[in-house]
Amino acid sequence: MTYVSRIKRILVTGGAGFLGSHLCETLVAEGHDVACVDNFFTGNRRNISHLLNQPNFELIRHDITFPLYVEVDEIYNLACPASPVHYQHDPVQTTKTSVHGAINMLGLAKRVRARILQASTSEVYGDPTMHPQSEQYWGHVNPIGPRSCYDEGKRCAETLFFDYHRQHRLRIKVARIFNTYGPRMHPNDGRVVSNFVVQALQGEPITIYGDGLQTRSFCYVDDLIGGLRGLMNTDDSVVGPVNFGNPVESTMRQLAEAVISVTGSISRIEFKALPQDDPKQRCPDISRAKDIIGWQPRVELMDGLRKTAEYFERLLTAGVDLGRR
Ligand SMILES: NC(=O)c1ccc[n+]([C@@H]2O[C@H](COP(=O)([O-])OP(=O)(O)OC[C@H]3O[C@@H](n4cnc5c(N)ncnc54)[C@H](O)[C@@H]3O)[C@@H](O)[C@H]2O)c1
């Protein structure tokens, strides 16, 4: 009898980041051999410290803009700063991480015949003229603005994934991730959920940019990780792109009120000018994810916000400086 092991060697780039650390945690719990690669640009050892003594977890400090040689069965390519504050800090490096990083990881996947999943983004739709956004929509993206290093870098990475698939028969999966939130988000990355929660916990005014009527959809991290796992496990004919996000929209005002309610905060709401290129509305059409893997978000916003607030409260209680990454 031939024994076929279901335990895989899995590489997670960006594994010490917000999403990557949750993915590593899930994969380690499933018994896989997990190699977490990170250059700690926005990642933090705190996110993976509980995994460091697990025999099936390995941490490799490495920048994916340089080639990497490891033997693996699957690659999740998550390495890339994800919030405007972080990706605009060094925009050239951001594009390099998306583009050179994709080339290096695709090259590795080609050499070891690994399956590879790209963490793409709803930002590939830019400031969309179609709502909700389905995967057929090609987007409305500014190629020369301050957000372009991220948006265009991610678009180019998708192009590379599909060219490696067509040219080299590589087994690819492309996930387009919409706003995701949860424990281990960066406290000060300018993203709306972390901003609001930290401001509320510290009793500071909650800052809304613009009139607060712009909408966003928020997916809880556990739901998102389930989606990425589901997509990776589909058969080779499924390549994507597949949207993952929450189709239920909230305005910034509603979100601010929800955060005030779960934290019991005394904070008031304050309005400031809208930054350049800020999309007015973003909402996923998740029919494809539903059809292919029966995926849809399950965690209610109030429950997810509560868990997120508990996480930030623990950091504050432990005296972690939320002003530093
Ligand atoms: N969180 C979201 O809402 C969201 C939405 C859309 C897409 N995504 C995508 O998901 C991925 C993970 O996002 P996140 O929210 O966890 O962000 P994050 O900043 O917490 O994680 C990114 C990780 O990548 C690492 N990294 C950055 N550049 C690197 C490089 N050159 N080499 C090695 N490691 C590098 C960082 O140190 C960090 O640990 C990103 O690719 C992001 O574009 C996230």
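Summary of the structure given here. Note that the structure is predicted; figures quoted are calculated from it, not measured.

Thresholds applied
Residues numbered from 1 in each chain as written. Predicted model: local features only at pLDDT ≥ 70, side-chain atom pairs only at ≥ 80, totals over all residues. Heavy atoms only, no water. Helix = DSSP H or I, 4+ residues; strand = E, 2+ residues; numbered from the N terminus. Rg over C-alpha atoms; globule rule 2.2 N^0.38 Å. Buried < 20%, exposed > 50% of the residue type's maximum accessible area, 1.4 Å probe, protein only. Contact = heavy atoms within 4.5 Å. Areas by Shrake-Rupley, 256 points an atom, 1.4 Å probe, with all protein chains shown as cover. Lys, Arg positive; Asp, Glu negative; His and termini not counted. Charge placed at Lys NZ, Arg CZ, Asp CG, Glu CD. Salt bridge = Lys/Arg side-chain N within 4 Å of Asp/Glu carboxyl O. Phe/Tyr/Trp six-rings, centres within 6.5 Å; stacked < 30°, edge-to-face > 60°. Expected span 1.5 Å × (residues − 1). Bend = angle between axes of the 7 residues up to and from the residue. Core = buried A, V, L, I, M, F, W, Y, C linked by side-chain atoms within 4.5 Å.

Right, let's get into the overall build of the chain. Counting its regular elements, the chain contains 10 helices and 13 strands. Whereas a compact globule of 325 residues would reach a radius of gyration of roughly 20 Å, the chain reaches 19 Å, a difference of no more than 12%. Across its three principal axes, the chain shows a C-alpha extent of roughly 65 × 45 × 40 Å. When burial is assessed residue by residue, the chain has 55% of its 325 residues classed as buried. Restricting to contacts in the chain with at least 6 residues of sequence separation, those with at least 24 account for 81%. Here the chain has roughly 14,400 Å² of accessible surface; of this, 51% comes from carbon and sulfur atoms. The distance from the centre of the 36 positive side-chain charges to the centre of the 36 negative ones in the chain is 4 Å.

Using the criterion set out here, one finds 14 salt bridges in the structure. One salt bridge connects Arg-9 with Asp-73, and the closest N-O pair in it is separated by 2.9 Å. Separated by 64 residues along the polypeptide, Arg-9 in strand 1 (residues 9-13) and Asp-73 in the loop between strand 3 (57-61) and strand 4 (74-77) bring together distant segments of the chain. Here Glu-152 makes a salt bridge to Arg-155, at a shortest N to O gap of 3.4 Å.

What follows covers the packing of aromatic side chains. Scanning the model with the defined rule gives seven aromatic pairs in all. Here the aromatic rings of Tyr-125 and Phe-178 are separated by 6.1 Å at their centres, their planes lie at 35°, and the arrangement is tilted. Taken as a pair, Tyr-125 in the loop between strand 5 (115-121) and helix 5 (148-168) and Phe-178 in the loop between strand 6 (172-177) and strand 7 (180-181) lie far apart in primary sequence, 53 residues in all. Each member of the aromatic cluster is reached from another via a ring pair, and the members are Tyr-125, Tyr-137 and Phe-178.

With that settled, consider helix 4 (residues 91-112). Residues three or four positions apart in an α-helix share a direction because the helix packs 3.6 residues into each turn. In this model, helix 4 (22 residues) spans 31 Å end to end at C-alpha, consistent with the 32 Å of a helix rising 1.5 Å per residue. Thr-97 marks where helix 4 bends most, by close to 30°. Among all positions of helix 4, only Thr-94, Thr-97, Ser-98, Val-99, Gly-101, Ala-102, Asn-104, Met-105, Leu-106, Leu-108, Ala-109 and Val-112 are buried. Here the buried face of helix 4 lies against strand 1, strand 4, helix 3 (84-87), strand 5 and helix 5.

Okay, the nonpolar core next. If you look at the biggest cluster of nonpolar residues, it comprises 59 residues, and the most contacted ones within it are Tyr-76 and Val-193. When residues of this core are assigned to their parent elements, the largest contribution, seven residues, is made by helix 8 (residues 252-263). Discounting residues that sit within four places of it in the chain, Val-193 has contacts with Tyr-181, Met-185, Phe-218, Leu-255, Leu-305 and Thr-308. Core analysis: the second largest hydrophobic core is formed by 28 residues, Leu-11, Val-70, Val-99 and Ile-116 among them.

Interpretation in functional terms is not warranted from these geometric data alone.
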